Amino acid sequence: MAKQAFLIRILLVCIAVTLGMTFYLAFTPLQEAVCTCSHEDARRITQTGSEVHPRDPETGHNAENDGHRLAVLVPFRDRFEELMEFVPHLSSFLTNQNKQHKIVILNQVDKYRFNRASLINVGYLEMKAECDHMAMHDVDLLPVNPELEYKFPEQGPYHLAAPHLHPLYHYKTFVGGILLIRNEHFEMLNGLSNRYWGWGREDDEFYVRMKKAGLQVSRPGNLTTGYKSFKHIHDKRKRPRDNYRYFDQREKTKRLDRDTGLATVNYTLDSQREITIDTYPVTILNIMLDCNIEKTPWCLRPEDHEWYLKQRDQHGEVH
């Protein structure tokens, strides 16, 4: 009995202590948490403790920027795996630089050979009202050094994928890969030539256009990362380059094109789609280019070419 009475007394004491603490907490006001950091520091702290820049509630981009908006124009056809890696990587890279931007995939959906230059001309025409400068950007080239700045090309075209940094192409007149240019300069040059069906050389012709117009191309300094400044994700075994030259293509595309460009590109915008890839927004323009087969018969391969087949039947093999 004595042991039982002792346990009852302990239980009553515990109940009394619990009730006392409950009443104390109920009637004692909680102290408001005070932040000892500055207002600027408090603005930059997230729940994870990382430092971020405030976002514009309308655009979703960081509010602190250079006052310009970049159109990232990406010529594209059948490169789905590369696109899945490209969009999240570049979106994150540009967001970290507080760069207002719009990634636009220029998807060629017609029957002709790939035409990177014409797609860029189309992309510019469709996006010039929204952005004041653009980047001609390969889908298989990813910047990895944060010192590679997608800055507004105030003085003239800015070649980010410089020959001393690009993992593949190192000749001094190379301006492919990633080139940033202001809208007014692109207009002044009449864009790019529309004659380059198949892979390659359209950027070499564009270099001549810039040089003839007196535009000075600038490039990043000698970054310590050198050729490792970019990650090149193209697998040439899966997607070999279409670098064949048909008919008189080689002769007609080895000099400055004074006839075609931004003002003469013919196309139909088949559709426009707004999608997200890993939460990052991207615009898809499905583009059907038009080809004047009499002027540039090499927009088709010979085996797909009704004009070529007719000529061959009438006159024998056509070169």
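Quick caveat, the model's predicted, so the values are computed rather than measured. (Residues numbered from 1 in each chain as written. Predicted model: local features only at pLDDT ≥ 70, side-chain atom pairs only at ≥ 80, totals over all residues. Heavy atoms only, no water.)

Draft legend 1. Spatial organisation of unusual backbone geometry. For N190, which is not glycine, the phi torsion reads 60° and is therefore positive. With respect to the helices and strands, N190 occurs in the loop between α5 (183-188) and α6 (202-212). One non-glycine residue, T279, lies in positive phi territory at about 75°. Here T279 shows up in the loop between β8 (267-277) and β9 (280-289). (Helix = DSSP H or I, 4+ residues; strand = E, 2+ residues; numbered from the N terminus.)

Draft legend 2. Just the sheet that holds β9, in detail. The mixed open sheet is built from seven strands, whose spatial order is β5-β6-β3-β1-β2-β9-β8. The two strands at the open ends of the sheet, each matched to only one other strand, are β5 (158-159) and β8. One ladder, built from seven bridges, connects strand β1 (residues 70-76) with strand β2 (residues 101-108); its direction is parallel. Following the sheet pairing, V74 is matched in β2 by I105. (Pairing = 2+ DSSP bridges.)

Draft legend 3. Region of interest: the pairing of β2. β2 sits mainly inside the fold: eight of its eight residues count as buried. Here β2 shows no split at all, with H101, I103, I105 and N107 on one side and K102, V104, L106 and Q108 on the other all buried. Regarding the hand of the β-α-β motif, the stretch spanning β1, helix α3 (residues 80-96) and β2 is right-handed. In this structure, β2 lies alongside β9, joined through five bridges in parallel fashion. The residue bridging Q108 from the neighbouring strand is I287, located in β9. (Buried < 20%, exposed > 50% of the residue type's maximum accessible area, 1.4 Å probe, protein only. Right-handed = clockwise from strand over helix to strand, strands pointing away.)

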